[in-house]
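# Structural overview
Each chain is listed here by its residues.
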Amino acid sequence: MIFKQVPVGAVQNFSYIIGDESTKKAALVDPAWEVDKLLQMCSDMGLTVLYVINTHSHHDHVGGNDAVSRRTGAKVVAHVSSPVRKDIPVKDGDAIKVGEVSVEVIHTPGHCPDHTCLLFDGKLLTGDTLFVGECGRTDLAGGSAVEMYESLNKLLKLDDYIEVYPGHDYGSKKSSTIGYERQNNYTLKKRTREEFIQFMKEP
Ligand SMILES: [Fe+2]
């Protein structure tokens with residue numbers, strides 16, 4: 001498969017290109033910034049963009065949805081509860097086929113209600129749920145520390161070898177693994193739900 005992590009925009013976002021080597025079909029994940037650059041990269045690799053997939057509806061992840069759709073005909077895939085204009089609403093456990101690559105949707109509310117992580121080929125795109133060394137904030141509209149607790153625990157059920165690719169370049173490196181985060185991420189230390197809620201209130 002083809003996989004690219006692309007640093008974009010003014011607030012250290014990552015967009016991602018998921019492509020299938022054999023059919024040359026592709027999905028663009030969170031194309032909010034530098035749409036020209038992203039589409040040029042796809043065209044350089046001979047990829048046809050079939051889908052825009054959003055991890056969540058915050059503007060720094062969805063700002064280029066319409067431009068990409070207009071220019072490529074790509075269908076917008078987002079969680080059923082997402083307020084963005086979407087062609088394919090998805091929910092937990094659904095899969096999107098990008099050629100031969102199957103992208104599984106894991107609903108992870110907490111940062112916002114419509115947040116999803118995307119799992120394919122041993123890789124997990126974690127959006128603003130999990131960063132390298134951090135978790136997403138829960139104090140924005142629709143955020144919930146209780147839901148974040150459940151969502152992070154859901155991700156921690158994944159195997160240690162699964163690679164973690166976050167929605168922002170906020171950590172000491174650009175990607176890691178579930179095992180690395182389990183060992184090193186202070187937000188994932190063993191806590192009860194109540195301890196986690198209290199922890200998220202601390203500055
Ligand atoms: Fe966000």
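Heads up: the structure comes first, above all this text.
Parameters at a glance
- Residues numbered from 1 in each chain as written.
- Predicted model: local features only at pLDDT ≥ 70, side-chain atom pairs only at ≥ 80, totals over all residues.
- Heavy atoms only, no water.
- Donors = N, O, S within 2.8 Å, 3.2 Å for Na, K, Ca; no water.
- Helix = DSSP H or I, 4+ residues; strand = E, 2+ residues; numbered from the N terminus.
- Buried < 20%, exposed > 50% of the residue type's maximum accessible area, 1.4 Å probe, protein only.
- Lys, Arg positive; Asp, Glu negative; His and termini not counted.
- Salt bridge = Lys/Arg side-chain N within 4 Å of Asp/Glu carboxyl O.
- Polar contact = N/O pair within 3.5 Å; in protein donor to acceptor, adjacent residues only side chain to side chain.
- Pairing = 2+ DSSP bridges.
- 1 Å grid on protein atoms, 1.4 Å probe; cavity = no way out; pocket = protein on both sides within 12 Å on 5 of 7 lines; lining within 4 Å.
- Points joined across faces, edges and corners; volume = space filled by probe spheres on them.

### Remarks on the coordination of the iron ion
- Those donors, His56 (NE2), His58 (ND1), His111 (NE2) and Asp128 (OD), are the protein atoms that reach the iron ion, and they lie 2.3 Å from it.
- Spacing between the donor residues of the iron ion along the chain follows H-x1-H-x52-H-x16-D. Note that His56 is positioned in the loop between β4 (48–53) and α2 (59–62) and His111 in the loop between β8 (101–107) and β9 (116–120), a separation of 55 residues in sequence. Of the two residues, His56 and His111, both sit in the buried class.

### Some words on the side chain of Asp60
- Looking at where Asp60 falls in the secondary structure, it is placed in helix α2.
- No salt bridge is formed by the buried Asp60; its nearest oppositely charged neighbour, Arg137, is found at 9.6 Å.
- Within the structure, the side chain of Asp60 is placed 3.4 Å from the side chain of His61, a separation counted as a polar contact.

### Observations concerning the pattern of salt bridges
- Per the stated rule, a full pass over the model turns up eleven salt bridges.
- For Arg85, the salt bridge goes to Asp87, with nearest N and O atoms at 3.2 Å.
- Under the relative-accessibility criterion, Asp87 is labelled partly exposed at 36%.
- Across the salt bridge formed by Lys91 and Asp94, the nearest N and O atoms sit 3.4 Å from each other.
- Of the residues examined, Asp94 reaches a relative accessible area of 22% and is grouped as partly exposed.
- If you follow the salt bridges from partner to partner, you end up with Asp66, Arg85 and Asp87 in one network.

### So, the pairing of strand β10 (residues 123–127)
- Extensive coverage of β10 is indicated by the burial of five of its five residues.
- Neither face of β10 is left uncovered, since the one carrying Lys123, Leu125 and Gly127 and the one carrying Leu124 and Thr126 both have all their residues buried.
- Here β9 runs beside β10; their pairing, made up of three bridges, is antiparallel. Bridge pairing links Phe120 to Lys123 in β10.
- Across four bridges, the pairing between β10 and strand β13 (residues 163–166) is parallel. Following the sheet pairing, Leu124 is matched in β13 by Val164.

### Structural notes on empty space enclosed by the protein
- Across all of its chains, the model carries one cavity of 30 Å³ or more by this definition.
- Put simply, the largest cavity is a space of about 30 Å³.
- Every residue lining the largest cavity is listed: Leu130, Leu152, Leu155, Leu156, Ile178, Glu181 and Leu188.
- Listing elements by their share of the lining of the largest cavity, those giving two or more residues are α4 (145–156) and α5 (178–184).

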